[in-house]
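Topology and contacts: notes
Each chain is listed here by its residues.
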Amino acid sequence: MRTESGHGPSIITPMEARRRNPWVNPKLLIVGAILLATVGFLVFNAMGSSMAYFQTVGELNASGKGLTGEQIRVGGGVEPGSIEERALSDELRFTITDGTNLLPVVYDGVVPDIFKEDVEVVAEGTIGPDGTMTATKLLTKCPSRFEDGSAASK
Amino acid sequence: MAQLGHGALLIAFALAIFGIAASVFGERRRVPELSIAGVRAVVGVTVLLFVAAAVLVTAFITHDFSFSYVSNRSSTDMPLRYVVTAFYGGQEGSLLFWAMVSGVLGSIAFARNRARFPRLVPYAAAVFLAMQGFFLYMLCFVASPFEMNAIAPADGRGLNPLLRDPGMLIHPPMLLSGYASFSIPFSIAVAALISGRMSTEWLRFVRKWALIAWAILGTGIFLGGWWAYHVLGWGGYWGWDPVENVSLLPWLTATAFIHSIIVQERRGMLKVWNVGLLLASFTLAIFGTFVVRSGLIQSVHSFALSNIGTYFLGFLVAIIVLSVGLMIWRLPMMQSENSFDSMLSRESGFLLNNLVFAGIAFATFWGTVYPLVSEAFRGETMTVGPPFYEQVNGPLFLILLILMGVGPLLAWRRSEFSTLLRSMRVPLLVAGIVIVAMLALLGQPMAAAGAAAAVFSIAAVGVEYWRGAQLRRKNSGDGLPVAIYRLARRDPRRYGGYVVHLGIAVIAIGIIGSTFFQTERRVVLREGESVNVAEYTLVYQQFNDVQRGDARVVSTTIDVQVDGDDKGVIEAKRFFYTGFENQPTTQVATETVGFDDVYVMLTEWEADGTANLHIFINPLVPWIWSGGLVYLFGMVVVFWPSPQVSRLRATVPARGKAFGDAVS
């Protein structure tokens, strides 16, 4: 469109020509469209491989999700008395609960600082045929007393 | 005391309302005295906010536990500097801090520019005071920092341990300041839309304040990464957590803005887009605050949740309605004066850069709100993790790195491909060497591409400096260092901007190194045992468990060796602060050896000293911090006062590259 009005290369463009001059250059439009398509493709593609269901233990039991081995994130409290004694090199075994339903979890990784009974946790991983979750990630929700301007706990 | 603080806030609230009325009537009825009063109200509100803050800080320093805000966040055994940190460590204090920071910036912005922009500043002051009014309302009636305890406790609860770190002295206030400072460019943009004064003059005004807000927010985000790396102990500095993402969003749109505004200044194009980016940046800053405070999206960051989320939602909706409404109303005023002449031109480069930034912002936003979207439309909460952001944003950042190198070499309006190729000879050559060498030695095509792109843009900055300096030397006979200095002084925006580019490229190299080549090991060791990780041998020397002042400190000393050579002894510590024993904090042991960070976190231990250590070898992480310093230095160059030049620029026609382009 740039030379449509015939004023493209000159620096000073008459007012009337200016108004008719759309700023869109067709080539640029194509590049822009390619770029947007790229973003769309990247988003779509990455969604497929990194999406995980987030459920409570109860929702998990009701929906039957995770039975086919997909990634899930389960939120709930750590059942009192469920944390098994272990040596430092052993994996961590405990149970997540929403009050009524239970989900046993095995986790081999860094145990969060404030992990203990009754703490709210989010475990991410897959559920095996025996109904035990093998977690690859374990996050704790901080106790309500926690208060600050912008702190984190990973 | 508390009455003084509360009273100051109430008066400030009233003054803000008066200021809004004065500004608007003063401008509508053309009563300059009233407009001046409006600007003075901005200053007055700020002074009153300082009075309130002084009351609160005094209460902290004197350990006045009759203030519940004080007793909930500090204790007598805390070191003084953390007592002061506690001031902005809570909900109410952070609101006060926000209002204070924006107050200071607003006072400077409006008092200094009232005479220069007499039609614009009154509306800006009114918009600004309306926002201050919102914060003051919250501080007076919803989340007052001056609530009293019925009975003052003997000692306070103490500050959350995670906040007791030098990084915490500066990261949260910087990030809050960043958010708060976006209220200035927002006010100016809204004022321009309301008054219809959208000619070139407001651009310089708004650009400067957008740049300031952008610099502060960027520094805040950067410090957050630095803090997380040294304190949280998970071996990284950025986790794509919702709370991190929402702080990145306004920074992304603001970065896009400071680039595309140059196109508007030079060519009178992209007007709607630019105003949109400005409004979006502040909206996203408020969105971030709302997400953080409302607990709407699950995050590993935990904040005190309270009803102020609802108020922020209202504020957010008001801002969006106002922004969109004004934009639509003024659409006819924002006609483009020119069109894109060529694909291969500086303005097209900027446009592409903007589209990529917008793409990154969109993807990040989408991933962050996806749990809500999926809940609403599918009835199931789905989340996306860090891999999503890495897969989407990684390639997009790669495109940006390349554009960062190519952009400055493009001419305005139209570039010849052959000319461009000639000026890119050296950068292309260097990038080619890097990509071949990396592929041959390390494999990892993505990492090689990223590193090559970063090196390419560093070389491009070199070319720009070299060209400019050569030209100066030819004309003036200066030596090379003098020529470079004069060059930067002559056009700080442009050459400071290149320094910022340099910093970003160095940061990118650090991110690529630590993302693609990190080594991670978890081991259980007894005292005296050692472990080999990559080329390093780590000898676990000693276990300590002592009570120190306000905390119990558990530590392990580790000797780092390479081929039998000692590289230093480091100490990984855990702190159990009194009153927060169930919430230990970490001090990671780090030792920089050559290009690598040896990074050790003590995760668990037994009484006999057997320790579970999480060891990372993080290549090039120190580059990230050095890149950050370069970035800051670039900002100093940009903001270094340079008389005359700004005036000169306004009269230079839009062609050539002899004068200021800007932070490009």
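Residues numbered from 1 in each chain as written. Chains lettered and ligands numbered in written order. Predicted model: local features only at pLDDT ≥ 70, side-chain atom pairs only at ≥ 80, totals over all residues.

For a regular strand, side chains alternate in direction, first toward one face of the sheet and then toward the other. Residues and elements named next belong to chain A. Alignment of strand β2 (residues 72-78) against strand β3 (residues 92-97), held across two bridges, turns out to be antiparallel. The residue bridging Val78 from the neighbouring strand is Ile96, located in β3. Here β3 runs beside strand β4 (residues 102-107); their pairing, made up of six bridges, is antiparallel. Bridged to Thr95 within β4 is Pro104. The turn linking β3 back onto β4 is made up of four residues, and Gly99 within it adopts a positive phi angle of 115°. (Pairing = 2+ DSSP bridges. Helix = DSSP H or I, 4+ residues; strand = E, 2+ residues; numbered from the N terminus.)

Residue and element names in this part refer to chain B. Looking at chain B as a whole, its pLDDT mean stands at 88, while 95% of the residues score no less than 70. Of all secondary-structure elements in chain B, the lowest mean pLDDT belongs to helix α21 (residues 645-651), at 47, while helix α6 (residues 121-142) reaches the highest, 95. Segment residues 645-664 is flagged for pLDDT under 50; beyond a separation of four residues in sequence, or across chains, it makes 36 contacts in the model. (pLDDT = per-residue confidence, 0-100. Contact = placed C-beta atoms within 7 Å.)

Every α-helix winds through 3.6 residues per turn, so residues three or four apart in the chain are directed the same way. Spanning 22 residues, α6(B) covers 30 Å between terminal C-alpha atoms, matching the ideal 32 Å at 1.5 Å per step. Counting buried residues in α6(B) gives 17 out of 22 residues, a clear majority hidden from the surface. (Expected span 1.5 Å × (residues − 1). Buried ≥ 20, exposed ≤ 12 C-beta atoms within 10 Å, placed from the backbone.)

With that settled, the discussion passes to the packing of helix α16 (residues 425-442) of chain B against helix α17 (residues 445-476) of chain B. Residue and element names in this part refer to chain B. The interhelical angle for the contact between α16 and α17, taken along N-to-C directions, is 155°, at an axis separation of 8 Å. One way to sum up the angle between α16 and α17 is to call them roughly antiparallel. The two elements α16 and α17 cross, and the hand of that crossing is right-handed. Facing Val426, Pro427, Val430, Ala431, Val434, Ile435, Met438, Leu439 and Leu442 of α16, the residues of α17 in contact are Pro445, Ala447, Ala448, Ala449, Ala451, Ala452, Val455, Phe456, Ala459, Ala460 and Val463. Residue classes in the contact of α16 with α17 are distributed as 20 nonpolar, no polar and no charged. (Axes fitted to C-alpha atoms, helices over the stretch in contact; angles between N-to-C directions. Parallel < 35°, antiparallel > 145°, perpendicular 65-115°, else oblique. Left-handed = near helix turned anticlockwise from the far one by under 90°. Nonpolar A, V, L, I, M, F, W, Y, C, P; charged D, E, K, R; others polar.)

Reports often express the size of an interface as the amount of accessible area lost when the parts come together. Residue and element names in this part refer to chain B. The domains assigned to chain B are domain 1 (1-164), domain 2 (377-517 + 627-651) and domain 3 (519-619). A separation of 43 Å is found between the C-alpha centroids of domain 1 and domain 3. Listed per partner, the contact involves eight residues of domain 1 and nine residues of domain 3. Of the residues in the side of domain 1 that touches domain 3, the class split is three nonpolar, two polar and three charged. (Domains from an automatic or database assignment.)

Here the focus is the nonpolar core. All names here are of chain B. Judged by nonpolar contacts, the single largest core of 201 residues is most densely connected at Ala12, Leu96, Ala124, Ile188, Ala189, Ala210 and Ala213. Among the elements that take part in this core, helix α9 (residues 201-231) stands out by supplying 19 residues, more than any other. Setting aside residues up to four positions removed in sequence, Ile188 forms contacts with Ala124, Trp202, Phe205, Val206 and Trp209. If you look at the next biggest cluster of nonpolar residues, it comprises 20 residues, including Leu538, Met601, Ala611 and Phe616. (Core = buried A, V, L, I, M, F, W, Y, C linked by C-beta atoms within 7 Å.)

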